[in-house]
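# Breakdown of the fold
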Amino acid sequence: MPKETQPQNIDDLISDFSRFYILTILYEGPAHGYSIINQFKKRVKKEVSPSLVYPFLQQLEEKGLVTHTLKPVGEKERKVFELTDEGRDLCTGLFKRFAELVAIAIEPSMYVCAHCGCKVYEGAHREVIHDKEMTFCCMHCARSYKELKVSKQAKK
Ligand SMILES: [Zn+2]
């Protein structure tokens, strides 16, 4: 088995993903530590350890990316964490970079409309034109493409 696929290394990756998911939860709005853990469980279908969540929140706070306010929740006061403007900007950048990486990874399942050249990820409109299967973003592009082809042939 190659080294990169050994469980230990995968765990390292997962722990980075945990931090990534925590950021996506904070990005949606202020949350206290306990609700982050709950949200995480709901969304990722996996437990996240408080010993990962709280030190991570503290690190973010030390870097000025997160602030907290004390708010009464039930009988206790809880720290409600919130991204600062800087933290929010950093997350936006991170998510964009991540989205680009994902887009590159799924590129093989992406089509380009033969008429307008726009990218089509799903729901592409296919038509067989002159024995060749062509892909379009919509039926209107397919029609325009055919009309263009006919007018070119008429000029010959
Ligand atoms: Zn098109």
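A brief report on the enclosed structure follows. The residue count restarts for each chain, going from 1 along the sequence in the order it is written. Note on the predicted model: pLDDT of at least 70 is required for a residue's local features to be given, and 80 or more for side-chain atom pairs to be given and counted; whole-chain, interface and lining totals, by contrast, use all residues. Computation of side-chain values: all heavy atoms of the structure, hydrogens and water removed.

### Examining the coordination of the zinc ion
In this description, a donor is an N, O or S atom within 2.8 Å of the metal centre, a cutoff extended to 3.2 Å for sodium, potassium and calcium. Water is not part of the atom list, which can make sites seem incomplete. Within the protein, the zinc ion binds to Cys113 (SG), Cys116 (SG), Cys137 (SG) and Cys141 (SG); these donor distances fall in the range 2.3 to 2.4 Å. Between 85 and 135 degrees for all angles marks four donors as tetrahedral; over 155 degrees for opposite donors together with 65 to 115 for all other angles marks four donors as square planar and six as octahedral; every other arrangement is irregular. With four donor atoms in place around the zinc ion and angles of 104 to 115° between them, the coordination shape is tetrahedral. Positions of the donor residues of the zinc ion, expressed as sequence spacing, correspond to C-x2-C-x20-C-x3-C. Within this pair, whereas Cys113 is found in the loop between β4 (111-112) and β5 (119-120), its partner Cys141 is found in helix α5 (residues 139-155), the two being separated by 28 residues in sequence. In this pair, the class of Cys113 matches that of Cys141, namely buried. Secondary structure elements follow DSSP: runs of H or I no shorter than four residues count as helices, runs of E no shorter than two count as strands, and numbering proceeds from the N terminus. Exposure is judged per residue with a 1.4 Å probe applied to protein chains only, and the accessible area is read against the type maximum: over 50% gives exposed, under 20% gives buried, and values in between give partly exposed.

### Looking at the nonpolar core
Nonpolar core, defined: a set of buried Ala, Val, Leu, Ile, Met, Phe, Trp, Tyr and Cys residues in which side-chain atoms within 4.5 Å join the residues together. Core analysis: the largest hydrophobic core is formed by 21 residues, its most contacted members being Ile22, Leu26, Ile36, Val53 and Leu60. The set of elements that each furnish at least two residues to this core consists of α1 (7-28), α2 (33-44), α3 (50-62), β3 (76-83) and α4 (85-105). Contacts were defined at the residue level, with two residues in contact if any of their heavy atoms lie within 4.5 Å. The residues contacting Leu26, other than those within four sequence positions of it, are Ile36, Leu57, Leu60, Val66, Phe81, Leu83 and Arg88. Grouped together as the second largest cluster of nonpolar side chains are eight residues, Val120, Ile129, Met134 and Phe136 included.

### Examining the packing of aromatic side chains
Centres within 6.5 Å make a pair out of two Phe, Tyr or Trp rings, where for Trp the six-membered ring is used; the pair is then stacked when the planes are under 30 degrees apart, edge-to-face when over 60, and tilted otherwise. Tallying each qualifying case throughout the model produces nine aromatic pairs. Ring centres of Phe20 and Phe95 lie 5.6 Å apart, and the angle between their planes is 75°; on these two criteria the pair is classed as edge-to-face. Separated by 75 residues along the polypeptide, Phe20 in helix α1 and Phe95 in helix α4 bring together distant segments of the chain. In this structure Phe20 comes out as buried when scored by relative accessible area, which is 15%. With a relative accessible area of 19%, Phe95 lands in the buried category. Aromatic pair Phe20 and Phe98: ring centres 4.5 Å apart, planes at 40°, arrangement tilted. Here Phe20, found in helix α1, pairs with Phe98, found in helix α4; they are 78 residues apart in sequence, far enough to count as distant. Among the aromatic residues, those joined into a cluster by ring pairs are Phe17, Phe20, Tyr21, Tyr27, Phe40, Phe95 and Phe98.

On their own, these measurements won't tell you what the molecule is for.
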